[in-house]
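# Inside the fold
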Amino acid sequence: MRGWWQDLTDLVLPAECGGCGRSRTVLCPECRAALSGPGASRVRPVPEPYGLPVVHAAARYADAVRAVLLAHKERGALALAAPLGAALAEAVRAGLRQVPDADAETPVLLVPVPSTRAAVRARGHDPARRIALAAAGQLRRDGLPARVVAVLRQRRAVADQAGLNSRQRLRNLAGALAVAPGGARLLREGRVVLVDDLMTTGASLAEAARAVRAAGPISYDGATTAVYTAVTREVRGEQAAGPAEREAGGMPGVPGMAGTADVIHAAVVAAPPDAFEINRN
């Protein structure tokens, strides 16, 4: 049986690399390079859930990256939060670079997708929130005002997502999240970026975006505005959402902005390799 002092020692001097198992290092240079990847880029799951915001990811969810995320999430390798936060920060920056005329002085509000209460109890921590805190620290060190605004709450129980396909996940999560009382005011204090450790089907991020939109229009600097505005998929000529996606919470149009919708930007550490296919010419 492990003693508490052995667990403490692993936090200070980790027994092995979270990605490959190399001894006495939090993350070896090779696995760190895999986590940073060739640079964060936009990702999109197939099929794309209705209401999913524009998402950027730092790395492909495979091999060492998958091992690092699982070590942090499921095995409590908390020392990995720092490199995971650095990767998430790069995904956040990649998204912000796509926003025209963005004010560098306006705070960036990282809104983590919350784990269920049962998952937090079982793991002993909330992985997305911990990584978000590390990412906000990295962004501040890089000169970008950023803070974590953990305003999303579970409003009802949901089934375990494992084994569910994309449509089933949408139904499972529909209406599951809400912004906490007083949270809408906090969301008006800067540029909102939903964050999570991993995007697979996009159902969690789509539900989080629905909950934020339902809290009211985003505004800052005294003017109500869409923080991130994008043409809907119908206007882009892509396949319109089906009934399940619409039941899960559609993307309401912004009054006076025909063909556009108020969307929230999102960033994740990793996404499946095929989600990066959007970047191919």
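Below you will find a few notes about this structure. Everything numeric in this text was worked out from a predicted model, so none of it was measured. Positions within a chain are numbered from 1, following the residues in the order the chain's sequence is written. The model is predicted, so local features are restricted to residues of pLDDT at least 70 and side-chain atom pairs to those at 80 or more, both for listing and for counting; the totals for chains, interfaces and linings are taken over all residues. The basis for every side-chain value is the complete set of heavy atoms in the structure, and neither hydrogens nor water enter the calculation.

### Examining the pairing of strand S3 (residues 108–112)
On a regular strand, one side chain projects to one face of the sheet and the next to the other, so that they alternate. Inclusion rule: Relative accessibility thresholds used throughout: buried, under 20% of the residue-type maximum; exposed, over 50%; partly exposed, between the two (1.4 Å probe, protein chains only). The helix count covers DSSP runs of H or I at least four residues long, the strand count covers runs of E at least two residues long, and both are numbered beginning at the N terminus. Following DSSP output, two strands are said to pair if at least two bridges run between them.
Most of S3 sits out of view: 5 of its 5 residues are buried. On S3, burial covers both faces: Val108, Leu110 and Pro112 on one face and Leu109 and Val111 on the other are all buried. The pairing of S3 with strand S4 (residues 146–148) spans 3 bridges and is parallel. Following the sheet pairing, Leu110 is matched in S4 by Val148. The sheet contact formed by S3 and strand S7 (residues 191–198) spans 5 bridges and is parallel.

### Quick notes on the side chain of Arg44
Put simply, the rule reads: Any N or O atom pair separated by 3.5 Å or less is treated as a polar contact, with the protein-specific requirement of one donor-capable and one acceptor-capable atom, and with residues adjacent in sequence counted only for side-chain atom pairs.
Its place among the elements puts Arg44 in the loop between strand S1 (41–43) and strand S2 (55–60). For Arg44, a relative accessible area of 17% puts it in the buried group. At 3.4 Å, the side chain of Arg44 and the side chain of Glu48 are in polar contact.

### Comments concerning unusual backbone geometry
Of note, the bond from Val46 into Pro47 is cis; its omega dihedral lies within 30 degrees of zero at 0°. Structurally, Pro47 is set in the loop between S1 and S2. Phi angles above zero are rare outside glycine, and Arg24 is one such case at about 55°. Here Arg24 lies in the loop between helix H1 (4–12) and helix H2 (29–36). Relative accessible area serves as the criterion here: at 56%, Arg24 is assigned to the exposed category. Not every positive phi belongs to a glycine, and Asp63 is a case in point at roughly 50°. Mapping Asp63 onto the fold places it in helix H3 (residues 63–74). On the accessibility criterion, Asp63 (68% relative accessible area) is exposed.

### Side note on the pattern of salt bridges
Stated formally: Salt bridges are counted wherever a side-chain nitrogen of Lys or Arg sits within 4 Å of a carboxyl oxygen of Asp or Glu.
In total, this model carries 10 salt bridges according to the counting rule given. Arg93 is paired through a salt bridge with Asp142; the nearest N and O atoms lie 2.7 Å apart. With Arg93 in helix H4 (residues 81–96) and Asp142 in the loop between helix H6 (127–141) and S4, this pair connects stretches of sequence that are 49 residues apart.

### Some thoughts on the packing of aromatic side chains
Rules: Any two of the Phe, Tyr and Trp rings considered here, Trp counted by its six-membered ring, make a pair once their centres fall within 6.5 Å; the pair's planes then place it as stacked at under 30 degrees, edge-to-face at over 60, or tilted in between. Consider the ring centre and the ring normal. A charge sits over the ring if Lys NZ or Arg CZ is within 6 Å of that centre and within 35 degrees of that normal.
One pass over the structure, following the stated rule, counts 0 aromatic pairs. Above the ring of Phe276, the side-chain terminus of Arg60 is found at 4.1 Å from the ring centroid.

### Things to note about the nonpolar core
Quick reminder of the rule: Think of a nonpolar core as a cluster: buried Ala, Val, Leu, Ile, Met, Phe, Trp, Tyr and Cys residues, connected wherever their side-chain atoms sit within 4.5 Å. Residue contacts are counted whenever heavy atoms from the two residues lie within 4.5 Å of one another.
Ranked by size, the top nonpolar core spans 38 residues in total, and within it Leu84, Val92, Val108, Leu110, Val193, Val195 and Val269 carry the most contacts. Only H2, S2, H3, H4, S3, H6, S7 and strand S12 (265–271) provide two or more residues apiece to this core. Setting aside its immediate chain neighbours within four residues, Val269 contacts Leu35, Ala57, Ala58, Ala59, Leu69, Leu84, Ala87, Leu88, Ile131, Asp196 and Asp197.

### Description of the side chain of Thr201
Within the secondary structure, Thr201 is located in the loop between S7 and helix H9 (203–214). Here Ala203 takes part through its backbone nitrogen, which lies 3.3 Å from a polar atom of the side chain of Thr201. In contact with Thr201, other than residues within four places in its own chain, are Pro45, Pro47, Pro49, Ser166 and Arg169.

### As for H9
Keep this limit in mind: What a helix should span is 1.5 Å times the count of its residues minus one.
End to end, H9 covers 16 Å across 12 residues, agreeing with the expected 16 Å (1.5 Å per residue, within 8%). Counting buried positions over the 12 residues of H9 gives 10, a clear majority of the element. Every buried residue of H9 is listed here: Ala203, Leu205, Ala206, Glu207, Ala208, Ala209, Arg210, Ala211, Val212 and Arg213. Phi turns positive, to about 125°, at Gly216, one or two residues after H9.

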